[in-house]
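Coordinates in review
Read off the chains here:
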Amino acid sequence: METATAAHTDHHADVHGHEEHHHEETFLTKYIFSQDHKMISKQFLITGIFWGIVGGLLSVLFRLQLGWPNETFPFLESFLGKWAEGGKISQEFYYALVTMHGTILVFFVLTGGLSGTFANLLIPYQVGSRDMASPFINMLSYWFFLGAGVVMFFSFFIQTGPASGGWTAYPPINGLRDTAVNLGSGLGFDLWILGMTLFIVSALLGGLNYIATVLNMRTKGMNMFRLPLTIWALMFTAVIGVLSFPALLAGCVLLEFDRLLDTSFYLNNIIINGNLLGYKGGSPILFQHLFWFLGHPEVYIIILPAMGLVSEVLSTHSRKPVFGYKAMVFSILAILVLSFIVWAHHMFVTGLNPNLGAIFTLFTLLIAIPSAIKVFNWIGTVWRGKVRLSTANLFAIGFVSMFISGGLTGIILGNSAIDIQLHDTMFVVAHFHIVMGVSAFFGMFAGVYNWFPRLYGRYMNETLGLIHFYVTLIGAYAIFFPMHFMTGLPRRYYTYANFETFNNFNFLAEFISIAAIIVFLGQVLFVINFFYSIFKGRRVEVEKTVDGYDYGNPWGTTTLEWSSPIERLHGNWPGDIPAVHRWPYDYSVNGREYIPQTEALKPGEVPHE
Amino acid sequence: MVAFLSFAIIVLLFVVLVLIARAQELTADLKDGKVSFHNQSKFNGYMMLGFLVFMFVGAAMCFKILTPVMLPEAASEHGVKTDFLFNITMLIIGIVFVFTQIALFYFAYRYNESHGHDSYFYPHNNTLEVVWTVIPSIVLTGLIAMGMYEWMHIFDPEARDKKMMVIEATGKQFNWMLRYSGKDGKFGERLIDQAHVSPTNELGINWEDPKSHDDFMADKLYLVKNKPVLMKLGAQDVLHSFFLPHFRVKMDCVPGIPTEFYFVPTMTTEEMREYLKTQPWWQGINPETGLPRWETFKYELACAELCGKSHFGMQRDVVVVEQKEYDEWLAKQTPMYVPPVAETAPAETPAADTSKAEEKKPTAMLGRK
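Structure report, in brief. (Residues numbered from 1 in each chain as written. Chains lettered and ligands numbered in written order. Predicted model: local features only at pLDDT ≥ 70, side-chain atom pairs only at ≥ 80, totals over all residues.)

Secondary structure summary: chain B contains seven helices and 12 strands in total. Taking 21 Å as the expected radius of gyration for a compact globule of 369 residues, we find that chain B reaches 31 Å, considerably beyond that expectation. Seen through its principal axes, chain B has C-alpha atoms that stretch 105 × 55 × 50 Å. Evaluated residue by residue, chain B yields a buried proportion of 36% over its 369 residues. Sequence separation of 24 or more characterises 71% of the internal contacts of chain B that already satisfy a separation of 6 or more. (Helix = DSSP H or I, 4+ residues; strand = E, 2+ residues; numbered from the N terminus. Rg over C-alpha atoms; globule rule 2.2 N^0.38 Å. Buried ≥ 20, exposed ≤ 12 C-beta atoms within 10 Å, placed from the backbone. Contact = placed C-beta atoms within 7 Å.)

Right, here's the structure in full:
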């Protein structure tokens, strides 16, 4: 906290001018070892995009196997060598693909890429702060993230292949090192643990910094209930991360002990080919508790920032205050609390005490209530607005649609009695991909299209954006809606040919694979648009010029980020940090289209509070 | 070559799209120095309606095409109830789905800015918030109560029939070991230690326990119609999960921790075939066997927890028969136990010090100890 306090004082002291923020910067300090929150945000975003493409490509590869289990694809052998001999993806590599697809998208894209990008970009801008509480720790957070990614990426190129025992890393399959019967559990999994450890360090450094910044560095007049919902969401996300990631770290360290030091935290009476190994007294279920103590809050770490971004984008583009601001804040808080007491719904059929199953059913289904409140409030925000259907807003609307579709099936899965049949089947895959995968991506895209002008001073291209949106919306539904009908099909199957029971859906698997490939190409279009727009995109219109700084406000938003010049200054504001006089959602009030938070109240005006 | 060509076509497509996008940017409508979204909003407003229609047509097609292909109705007592719970929940969420999606996309169309109206400043309404908190709460309370009741009933040891049969299933890479207790209805004791577990006695059965002498291993899971069964589950090496999709049974098998699942099969394999004979989809010819699908229908046992590279291959047939047929099958099974052969092979048996060595290095053979 000491750093935070120091920075706090500094931020009050620096009212005497901005010159000190304009010291000479070299390429290295500006682009590489930057401590500027906006640059770190870009670093997170571009790294996240890289991982998004890798993770998506992995899914295309395993969809080739699932869609056409009897075909061969000779070109695969040229790229993948021994992993795809004769053009057929090997069993080992198939499991490596699904494992790394999950790991990469859950952690590296939708946690690091999403929170990292938008917490860094929006927290200092929207609370009115020159930078994070500790810019240095913030930089470290990115570098640990990058390091984690390098380790994970490296694991693809080792002889024994990357981790393959599922992104959930369950022992004993991942707890026994160098045993012939295990799957990708050699060096690849050690690197997985190392990568995750670095990742957790990054998440903790970042999270503490975000919380400290929101709590301590708000500008004058910015009380908590004047914070935009983005900031509430990002702060609560950070709180969840800080409280739950350590449990995963502990779980992973003990798992590595089992692997390297032959301890028995998770292993007991393991018999391989009739030989009893020496492990005694551990419990594989213990790891699942530790894993899901993070793993479940993790899905809220993914979805809450998306919810925050969507609330803001919907309100801005509907030219209407977000409906039920305080209800939104308290429902995020309710989700935060509940997210910690529902983890065992991932373990209903592990043989845990049925009483526990009942309690976890109760808490799990309770989460539907704050989620429902949020959905109704979003719909209420669009109702009677003056809705600008820009790409950003379309993605926000798409988010709400996806979140409804995916959230509703959660009511089925959260009910333990029904989950007996559905657990570990394609129904679950469909559910969580829609509700936290696709939804979170929609929220992220809404955010990127909306705040791209803030990052680069240019707009993203709307035509490419619209194509991207419709391909993704229709494609994602085409993939995951019919998948719900595969209710009895176990997930993580290389082929269903061994079972008469599961062999009826081959035509559907092929359809899904085709849709997945098209959606992937749609995302490539997004990447093209992104880099094209950095250099060639339409510039943000200059609305006024003060002291040589150009100001604009591309979407007409009330929040503080556009009270700063279009140019991204280190320190954000050339002069004093503006004070805040009103809540962030004064849209279409007092005959004005929008009133920025910085605008003082008129005599006699009652602030909305 | 095909791969290369498709790649080239895709690249070309992207180039064309970028050029179109560039042209659009140069010809954008300007209003007050800013790009106007009026026309784009109008276009997307209609697209929102279009998507709404597409979504419901698509959903209806999914139900029409895919429902007949899904698993047939549950063949166990509790399965019928959980299926009912599934269906009633599906109905409720289906209604919510339809109404919320219509509201969302219709509002996006109706209130898009091209209609030239003003936005309505309406920041909150506490009555509404209370309404849409309380109604979901009531509905959820009902679902939770029904779910909990069913769940506690499935796992209630008191509710079990004392005359149930007990079968032991142990998962290993990549197979299921199915042990029946034989004529006496009692399992021989298992001892998981170096002295008992060996490549020839993977389960660590204590052959000195006379109850083990009629235990046998089955290649198919035989069950009796309407006879309750308690599956005693375990795993040798890694996690497995005992999954009987037609009976709505699933329970993980955990090395070192016993688990169990109690259920009552209600339809024999033959009865299920008779039932499927009346179902349109099952009339189709199975290309592999050349017979109608219903004729070769069988219950199956699968693994539902990733257990290694051949996870997808842990298949066993499951057969449900009437008691009489079961008894006939039972009579044909041979116990695992091989009576001691010490007299015929004296060289290998003996003395106290060898048995001590045995404790360290497991070499115990079937039926010899």
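The next subject is the interface of chain B and chain A. Counting from both sides, the interface comprises 104 residues of chain B and, opposite them, 109 residues of chain A. Taken together, the elements giving at least two residues each to the side of chain B that touches chain A come down to α1 (2-26), α2 (38-66), α3 (77-110), α4 (126-154), β8 (240-244), β9 (249-253) and β11 (299-303) of chain B. Considering only residue class, the side of chain B that touches chain A consists of 57 nonpolar, 32 polar and 15 charged. (Nonpolar A, V, L, I, M, F, W, Y, C, P; charged D, E, K, R; others polar.)

Here the focus is the packing of helix α16 (residues 462-483) of chain A against α2(B). At a minimum axis distance of 10 Å, the contact between α16(A) and α2(B) shows a crossing angle of 15°. Between α16(A) and α2(B), the crossing angle belongs to the class labelled roughly parallel. The two elements α16(A) and α2(B) cross, and the hand of that crossing is right-handed. Across from Glu462(A), Leu473(A), Tyr477(A), Phe481(A) and Pro482(A) in α16(A), the residues of α2(B) making contact are Gln40(B), Phe51(B), Met55(B), Gly58(B), Ala59(B), Cys62(B) and Leu66(B). Looking at side-chain class alone, the contact of α16(A) with α2(B) contains nine nonpolar, two polar and one charged residues. (Axes fitted to C-alpha atoms, helices over the stretch in contact; angles between N-to-C directions. Parallel < 35°, antiparallel > 145°, perpendicular 65-115°, else oblique. Left-handed = near helix turned anticlockwise from the far one by under 90°.)

On to α4(B). Taking 1.5 Å per residue, 29 residues should reach 42 Å; α4(B) reaches 42 Å between its end C-alpha atoms and fits that length. Of all the residues in α4(B), the buried ones are Glu129(B), Trp132(B), Pro136(B), Leu140(B), Leu143(B), Ile144(B), Gly147(B), Met148(B), Glu150(B), Trp151(B) and Ile154(B). Looking at the packing, one finds that the buried side of α4(B) touches α10 (325-339), α11 (354-366), α12 (368-382), α13 (391-413) and α14 (416-422) of chain A together with α3 of chain B. (Expected span 1.5 Å × (residues − 1).)

Let us now look at the pairing of strand β3 (residues 165-172) of chain B. Residue and element names in this part refer to chain B. Sheet analysis places β3 next to strand β7 (residues 229-235), joined by seven bridges and oriented parallel. Bridged to Ala169 within β7 is Leu233. Across six bridges, the pairing between β3 and strand β4 (residues 175-180) is antiparallel. Paired with Ile167 across the two strands is Tyr180, which belongs to β4. What sits between the antiparallel neighbours β3 and β4 is a turn of two residues. (Pairing = 2+ DSSP bridges.)

Residue and element names in this part refer to chain A. Membership of the largest hydrophobic core comes to 277 residues, with the highest contact counts inside it found for Val310, Val400 and Ala446. In terms of residues, this core owes the most to one element, helix α5 (residues 91-127), which gives 22 residues. Beyond its immediate stretch of four places on either side in the chain, Ala446 contacts Leu309, Val310, Val313, Ala392, Phe395, Ala396 and Phe399. (Core = buried A, V, L, I, M, F, W, Y, C linked by C-beta atoms within 7 Å.)

Take the packing of helix α3 (residues 37-67) of chain A against helix α17 (residues 506-536) of chain A next. Residues and elements named next belong to chain A. As a packed pair, α3 and α17 sit with axes 9 Å apart at the nearest point and diverge in direction by 160°. Between α3 and α17, the angle is such that the two are roughly antiparallel. The handedness of the crossing between α3 and α17 is left-handed. Taking contact as the criterion, the partners of Ile49, Gly52, Ile53, Gly56, Ser59, Val60, Arg63, Leu64, Leu66 and Gly67 in α3 are, on α17, Ala509, Glu510, Ile512, Ser513, Ala516, Ile517, Phe520, Gln523, Val527 and Phe530. Here the residues of the contact of α3 with α17 are counted per class, giving 12 nonpolar, six polar and two charged.

It is worth spelling out the sheet that holds β7(B) at this point. Residue and element names in this part refer to chain B. If you walk across this open sheet you meet the five strands as β5-β4-β3-β7-β10, and the pairing is mixed. Whereas interior strands pair on both sides, the edge strands pair on one side only; in this sheet they are β5 (216-218) and β10 (259-263). The average angle at which neighbouring strand axes cross in this sheet is 30°, direction not considered.

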